[in-house]
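For reference, the chains in residue letters:
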Amino acid sequence: MTNPILADWTTPFAVAPFDTISDDDFAPALERALATHNAEIDRIASTAEPPDFANTVEAMEAAGADLDKVLSVFFTVAGADSNPAREALQRDFSPRLAAHFAEISGNKPLFRRIAAVWQARDSLDLSDEQQRVLMLTHRSFVRAGAALEGDAELRMKEIKGRLATLGTGFTQNLLADERGWFMDLSEEELEGLPDFVVEAARAAGAEKEAAGPVVTLSRSLIVPFLQFSPRRDLREKAYRAWTARGANGGDTDNRDIAAEILTLREERARLLGYDSFAAYKLETEMARTPERVRELLMQVWTPAKAQADADAEKLTAMMQADGVNGPLEAWDWRYYAEKRRKAEHDLDEAELKPYLQLDRMIEAAFTCANRLFGLEFAPLDVALYHPDCRAWEVMRDGAHVAVFIGDYFARGSKRSGAWCSAMRSQAKFPETQTPVVINVCNFAKGDPALLSYDDARTLFHEFGHALHQMLSDVTYESISGTSVARDFVELPSQLYEHWLEVPEVLEEFATHAETGAAMPHDMLDKVLAAANFDMGFQTVEYVASALVDLAFHEGAAPADPMARQAEVLAGIGMPAAIGMRHATPHFAHVFAGDGYSSGYYSYMWSEVMDADAFAAFEEAGGAFDPERAKALEAHILSTGGSKEPEELYTAFRGRLPGVEALLKGRGLVAA
Ligand SMILES: [Zn+2]
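Residues numbered from 1 in each chain as written. Predicted model: local features only at pLDDT ≥ 70, side-chain atom pairs only at ≥ 80, totals over all residues. Heavy atoms only, no water.

Turning our attention to the sheet that holds strand E6 (residues 419-424). With mixed pairing, five strands are arranged side by side in an open sheet as E3-E4-E5-E7-E6. Two strands bound the open sheet, and with one partner strand each, they are strand E3 (376-379) and E6. Going across the sheet, the axis of each strand differs from the next one's by a mean of 30 degrees, ignoring polarity. Pairing of strand E4 (residues 390-396) with strand E5 (residues 399-409) involves seven bridges; the strand directions are antiparallel. Bridging across to E5, Val394 finds its partner in Ala402. Contacts between helix H16 (residues 358-373) and the sheet are confined to E3, E4, E5 and strand E7 (436-443), with E4 contributing the most and set at about 15 degrees to the helix. (Pairing = 2+ DSSP bridges. Helix = DSSP H or I, 4+ residues; strand = E, 2+ residues; numbered from the N terminus. Axes fitted to C-alpha atoms, helices over the stretch in contact; angles between N-to-C directions. Contact = heavy atoms within 4.5 Å.)

Below, the structure is given as structure tokens:
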């Protein structure tokens, strides 16, 4: 019998036939798909025909279709609906997939063919998109070390292996420090904490098998504790433990690991011919150079620090009015900021919630996409992997565009967070395929399901990623949809969040679950104002981390990263009462793997662009300006990675992004 994953999918729009696939099908399907992919790659690498674009680059684009099918189904259910069998499969698959792709990028005969096509590129009469795909393919092989020979090649292998080990060690030490610490709270020490924090502390106590409630170092518990506990001594104790993660001495100390990682990254970049690891990392990003990243961060830093300094004075005065003398400390900031928030923006989440119904918010996201891009959504009856999943057919002018799947509710089998993935990406080669896109969230179930404002923003965010996939209109899958630079990929998602804030959208769709009444105007104003609260603090703690990350990867690696961190913070005048969002010994974004190393800035980079891009709509006359919407689709949402991000943005906006809209949006300059 044919494995249902590898068979032709005869379902509507060839959505994966989840109801015919069992967990036992995954391992044999992966086995066959890997073998097929290897055979395809071997054929491309060993053909006697002289290398050209079609028999090398296009052939690689077409290869691996079976593997795509297996992985799209498997990773969908492994992330959103796992079970012990799927977890075991994932442990087995991960190293095998890593080895499979490493073998391809280290395939010398294959690389020689790609390099030959690259050398001949000017005489090949390629389209712009083909040139781009060729450049990206060649570049990714070179960056992986495919052009190295002899000792350099061996050393690169050693470095990669050692970096993988160090990254895992860094993560495990961090987990050990996080799990090892908790602070018991007596009943009296719970005073002043809101119910949800008390409940979380009791649950954490039960989990740790402690005598009663405890505070742990999990962000979701310690941050509200620091925000609400009136006990300054306990706040100090908890804060010190939180910021000492990875720097407690002994076996779990991460400081030497961080130093070794930075040294090896520098060596790796130099082997590949770059001046520094930052230069290597940023080559593929929109920012391109460390100088441009620093320039942007400093443009934001200066007004953010001014705002934070002014806020610190207000908070100090509140603390003194409480009878506490001496300077405001890092364990005081969140507590007095929370008091101030209550006083200035008394927004009651419980009162707000009935206005934010999940179904109405989905409708709001769809309606905005209809007004902007003419998309229509019709419920689609297909078998999915869980009864909570819903599907829609997305159409425009009567033509099929995509299938959109929403899996919104939290459950034990789903990993935390929210994400968007394409089960099938848009492409026209080797044949036309329309996208199947899924949004996965972790909202609380209810009848009706109600969202917090943050949840509603998450829904719009993930739907923005989905639009980037669904409106994609390119030839090759490798550059389709969200296959763009890391510091560009959050632009469509963060930009879409702005439509939730458009007053007419909330007025129409934020209706009370019981009465059906629209959200009152003063509540709407409070929601919008509260979004900007304490932005001086938030910007400072983030930008400080981003600047330290950048400094670590420029020029020679620091022998003592902690000294380098102190130097950077002194250089920018870090406010005494604000800590870095992530200090070096627990900066997992940067040290657990390569992903965000010299890339932590990219959240801010994207935010600068989304604010600037939305301002383009406002300048043009409104959030639904049809010309702007057309330009957004033509130059950003449909183009995937077919051009340099800078070129795409400039085509949309007529210029590169400036920071003014972001500063205004964060309340860091007078509007
Ligand atoms: Zn995102």
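The next point concerns the coordination of the zinc ion. For the zinc ion, the full set of protein donor atoms is His461 (NE2), His465 (NE2) and Glu490 (OE), at a range of 2.1 Å. If you list the donors of the zinc ion from N- to C-terminus, the spacing comes out as H-x3-H-x24-E. Taken together, the positions of His465 in helix H17 (residues 453-470) and Glu490 in the loop between H17 and helix H18 (491-500) put the pair 25 residues apart, joining distant regions of the chain. (Donors = N, O, S within 2.8 Å, 3.2 Å for Na, K, Ca; no water.)

All right, on to the packing of helix H2 (residues 53-62) against helix H5 (residues 108-119) then. H5 packs onto H2 with a crossing angle of 115 degrees between their chain directions and a minimal axis gap of 10 Å. Where H2 crosses over H5, the handedness of that crossing is left-handed. Side by side, H2 and H5 meet where Phe53, Asn55, Thr56 and Met60 of the first sit next to Leu110, Arg113, Ile114 and Val117 of the second. Of the residues that constitute the contact of H2 with H5, the class distribution is five nonpolar, two polar and one charged. (Left-handed = near helix turned anticlockwise from the far one by under 90°. Nonpolar A, V, L, I, M, F, W, Y, C, P; charged D, E, K, R; others polar.)

Moving on, we come to the packing of aromatic side chains. One pass over the structure, following the stated rule, counts 38 aromatic pairs. Measuring from centroid to centroid gives 5.4 Å for Phe18 and Tyr385, while their planes differ by 65 degrees, and the two rings are edge-to-face. With Phe18 in the segment before helix H1 (26-46) and Tyr385 in the loop between E3 and E4, this pair connects stretches of sequence that are 367 residues apart. You'll find Phe18 and Tyr385 in the same group, each marked buried. Ring centres 6.2 Å apart and planes at 5 degrees place the aromatic pair Tyr408 and Phe443 in the stacked group. Placement of the pair is Tyr408 in strand E5 and Phe443 in strand E7, with a sequence separation of 35 residues. Judged by relative accessible area, Tyr408 falls into the buried class, the value being 3%. An aromatic cluster is defined as three or more aromatic residues linked by ring pairs; in this entry it consists of Phe366, Phe377, Trp392, Phe404, Phe460, Phe463, Tyr496, Trp499, Phe614, Phe617, Tyr649 and Phe652. Above the face of the Trp9 ring, Lys69 is positioned so that its terminal group lies 4.7 Å from the ring centre. (Phe/Tyr/Trp six-rings, centres within 6.5 Å; stacked < 30°, edge-to-face > 60°. Buried < 20%, exposed > 50% of the residue type's maximum accessible area, 1.4 Å probe, protein only. Lys NZ or Arg CZ within 6 Å of the ring centre and 35° of its normal.)

Below, the discussion takes up a negative patch on the surface. A grouping of Asp346, Asp348, Glu349 and Glu351 is seen on the molecular surface, where their side chains present a negatively charged patch. Along the polypeptide, Asp348 turns up in the loop between helix H14 (330-344) and helix H15 (349-352). (Patch = residues over 30% accessible without salt bridge, like charges linked within 9 Å, V, L, I, M, F, W, Y side chains within 5 Å. Areas by Shrake-Rupley, 256 points an atom, 1.4 Å probe, with all protein chains shown as cover. Salt bridge = Lys/Arg side-chain N within 4 Å of Asp/Glu carboxyl O. Lys, Arg positive; Asp, Glu negative; His and termini not counted. Charge placed at Lys NZ, Arg CZ, Asp CG, Glu CD.)

With that settled, consider the pattern of salt bridges. This model, assessed by the stated rule, comprises 47 salt bridges. Among the salt bridges present, the one from Arg288 reaches Glu644, with a minimum N-O distance of 2.6 Å. Highlighted residues: Arg288 in the loop between helix H12 (277-282) and helix H13 (290-321) and Glu644 in the loop between helix H25 (626-637) and helix H26 (645-653), separated in sequence by 356 residues. What makes Arg288 partly exposed here is its relative accessible area of 34%. For Glu644, a relative accessible area of 21% translates into the label partly exposed. With its nearest N and O atoms 3.1 Å apart, the salt bridge here joins Arg390 to Asp359.

Using the criterion set out here, one finds three cavities of 30 Å³ or more in the structure. By volume, the largest cavity amounts to about 60 Å³. Taken together, Leu372, Phe373, Gly464, Leu467, Pro492, Leu495, Tyr496, Trp499, Leu632 and Leu637 make up the full set of residues lining the largest cavity. By residue number, the principal contributor to the lining of the largest cavity is H18, which donates four residues. Considered class by class, the residues forming the lining of the largest cavity number nine nonpolar, one polar and no charged. (1 Å grid on protein atoms, 1.4 Å probe; cavity = no way out; pocket = protein on both sides within 12 Å on 5 of 7 lines; lining within 4 Å. Points joined across faces, edges and corners; volume = space filled by probe spheres on them.)

A separate point is the environment of Thr165. Following the sequence through the fold, Thr165 ends up in helix H7 (residues 150-180). The partly exposed category is assigned to Thr165, whose relative accessible area is 47%. On a C-alpha basis, the gap between Thr165 and Ala592 in space is 9.7 Å, while along the polypeptide they are 427 residues apart.

Two elements in contact, helix H10 (residues 232-243) and H14, have axes separated by 8 Å at closest approach and are oriented at 120 degrees. The angle between H10 and H14 places the two elements in the oblique class. Handedness of the crossing formed by H10 with H14: right-handed. On the side of H10, the interface is formed by Arg232, Arg235, Glu236, Tyr239, Arg240 and Trp242, while H14 contributes Ala330, Trp331, Asp332, Arg334, Tyr335 and Tyr336. Looking at side-chain class alone, the contact of H10 with H14 contains six nonpolar, no polar and six charged residues. (Parallel < 35°, antiparallel > 145°, perpendicular 65-115°, else oblique.)

Before going further, it helps to examine the nonpolar core. Formed by 136 residues in total, the largest nonpolar core has its most connected members in Trp333, Leu459, Phe463, Met470, Tyr496 and Trp499. Per-element tally for this core: the top contributor is helix H21 (residues 535-552), with 12 residues. With near-sequence residues (within four places) excluded, Phe463 lies in contact with Ala365, Phe366, Ala369, Phe377, Phe404, Asn439, Met470 and Tyr496. With 36 residues, the next largest nonpolar core counts Ala16, Leu67, Val73 and Trp419 among its residues. (Core = buried A, V, L, I, M, F, W, Y, C linked by side-chain atoms within 4.5 Å.)

Take the pairing of E5 next. For E5, the tally of buried residues reaches nine of 11 residues, placing the bulk of the element in the interior. Counted between consecutive antiparallel strands, the loop separating E4 from E5 contains two residues, among which Asp397 sits at a positive phi close to 45 degrees. Across six bridges, E5 lies against E7 in parallel orientation. Across the sheet, Gly406 pairs through a bridge with Asn439, a residue of E7.

For Glu490, which is buried and forms no salt bridge, the nearest opposite charge comes from Arg486, at a distance of 7.7 Å. Reaching out from Glu490, the side chain makes a polar contact with the side chain of His465 at a distance of 3.1 Å. There is a polar contact of 2.9 Å between the side chain of Glu490 and the side chain of Ser493. Contacts of Glu490, omitting those with residues within four sequence positions, involve His461, His465, Leu495 and Ser606. (Polar contact = N/O pair within 3.5 Å; in protein donor to acceptor, adjacent residues only side chain to side chain.)

Just distances and angles here, no functional claims.
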